[in-house]
Amino acid sequence: MLPALAQTVEPILKRVLATAEGVRDLPIAGETPLAPGVTRHWNVSYLPIVVNGERAVAVFVEERTERVAAERALRASELRFRGISEAAPLGIFLTDRRGQVMYSNPAAQEILARPAAELSGSGWLQLVHPDDREALRRTVEEGRASGGAFVANARATRPDGTVVWTEIVSRALYDSEGWVGRVSLVSDVTEQRRILAALHESEELFRELSENVDAVLYLSRPESSEVDFVSSGFESIWGRTPD
């Protein structure tokens with residue numbers, strides 16, 4: 001017995017001998033003489049046995065030092081990810097190999113105006129606008145089958161009926177054993193699409209005006225003497241093309 005662990009182990013041995021009731025998978029940590037200053041971890045089981053008619057204790061020790069270190073590293077990584085994701089302005093979804101949502105961050109919940117419980121599992125697909133649902137489902141399925149990244153745009157419906165345009169960028173996640181799921185970033189692009197639509201409408205109105213007005217319209221930039229656009233009225237008025 002390691003001297004440093006005597007105070008921990010001896011009471012257990014005495015209890016097992018007295019009660020004949022075993023103690024299983026008890027986590028114990030300590031140092032060994034061969035590696036002073038290094039904490040090691042074990043799972044220890046103390047089981048009552050009878051030897052030559054006398055009660056004794058069989059001790060089974062499982063080394064857990066590397067496993068404990070890996071578990072701590074994993075917890076630290078998870079805490080770092082959660083801290084980053086909860087502060088991120090973009091929505092973040094984690095899905096497993098089946099496409100089930102395991103995690104959504106506060107930004108994703110705000111974009112879709114839904115609590116985490118409504119976004120978990122496979123229920124997220126029902127939040128997609130009916131006109132975009134099948135296309136997005138196919139895109140997700142193709143991404144799962146290929147293990148590759150994809151970018152998609154789809155509308156989602158909030159509880160109050162508001163429609164929000166989203167852009168989804170999704171990549172596969174791998175561990176040492178292979179593909180385990182996906183991480184998807186979701187951004188609200190409703191305002192950008194509104195601005196682009198308004199710009200397109202403005203351009204169409206200008207083009208219609210320039211092609212039907214009985215005058216010449218010029219467009220040029222202040223920093224340049226070059227003309228970027230001349231309306232079709234130029235030819236009818238001057239009798240030649242603007243070239």
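You'll find the structure just up there.
Residues numbered from 1 in each chain as written. Predicted model: local features only at pLDDT ≥ 70, side-chain atom pairs only at ≥ 80, totals over all residues. Heavy atoms only, no water.

Caption draft 1: Spatial organisation of the environment of Thr-190. Residue position: Thr-190 is located in helix α6 (residues 190–212). Taking relative accessible area as the criterion, Thr-190 reaches 27% and is therefore assigned partly exposed. The residues touching Thr-190, leaving out its near neighbours within four places in the chain, are Val-163, Val-164 and Trp-165. Among the polar contacts made by the side chain of Thr-190, one reaches the main-chain amide nitrogen of Trp-165 at a distance of 2.9 Å. (Helix = DSSP H or I, 4+ residues; strand = E, 2+ residues; numbered from the N terminus. Buried < 20%, exposed > 50% of the residue type's maximum accessible area, 1.4 Å probe, protein only. Contact = heavy atoms within 4.5 Å. Polar contact = N/O pair within 3.5 Å; in protein donor to acceptor, adjacent residues only side chain to side chain.)

Caption draft 2: Examining the pairing of strand β5 (residues 101–104) more closely. The pairing of strand β4 (residues 91–96) with β5 spans three bridges and is antiparallel. Opposite Leu-94, over in β5, you have Tyr-103 as the bridge partner. Turn length for the β4-β5 hairpin, with the two strands adjacent in sequence and antiparallel, is four residues, and the turn residue Gly-99 shows positive phi of about 85°. (Pairing = 2+ DSSP bridges.)

Caption draft 3: Region of the structure containing the sheet that holds strand β1 (residues 23–32). In space, the three strands of this open sheet follow the order β1-β2-β3, with antiparallel pairing throughout. The outermost strands of the open sheet, each flanked by one partner alone, are β1 and β3 (54–63). Mean inter-strand twist for the sheet, computed between neighbouring axes without regard to direction, equals 35°. In terms of strand pairing, β1 meets strand β2 (residues 35–51) through seven bridges, oriented antiparallel. Bridged to Leu-26 within β2 is Val-44. In the packing of helix α1 (residues 6–19) onto the sheet, contacts are made with β1, β2 and β3, and the angle to β3 comes to roughly 135°. Seen against the sheet, helix α2 (residues 65–87) touches β2 and β3 and runs at an angle of roughly 120° to β2. (Axes fitted to C-alpha atoms, helices over the stretch in contact; angles between N-to-C directions.)

Caption draft 4: Spatial organisation of the pairing of strand β8 (residues 178–188). Two strands pair when backbone bridges link them, and β4 and β8 are joined in this way by six bridges, in the antiparallel orientation. Bridge assignment links Ile-92 to a residue of β8, and that residue is Leu-185. Bridging between strand β7 (residues 163–175) and β8 involves 10 bridges; their strand directions are antiparallel. Bridge pairing in β8 links Arg-171 to Val-183. Remark: two residues form the turn of the hairpin made by β7 and β8, two consecutive strands paired antiparallel.

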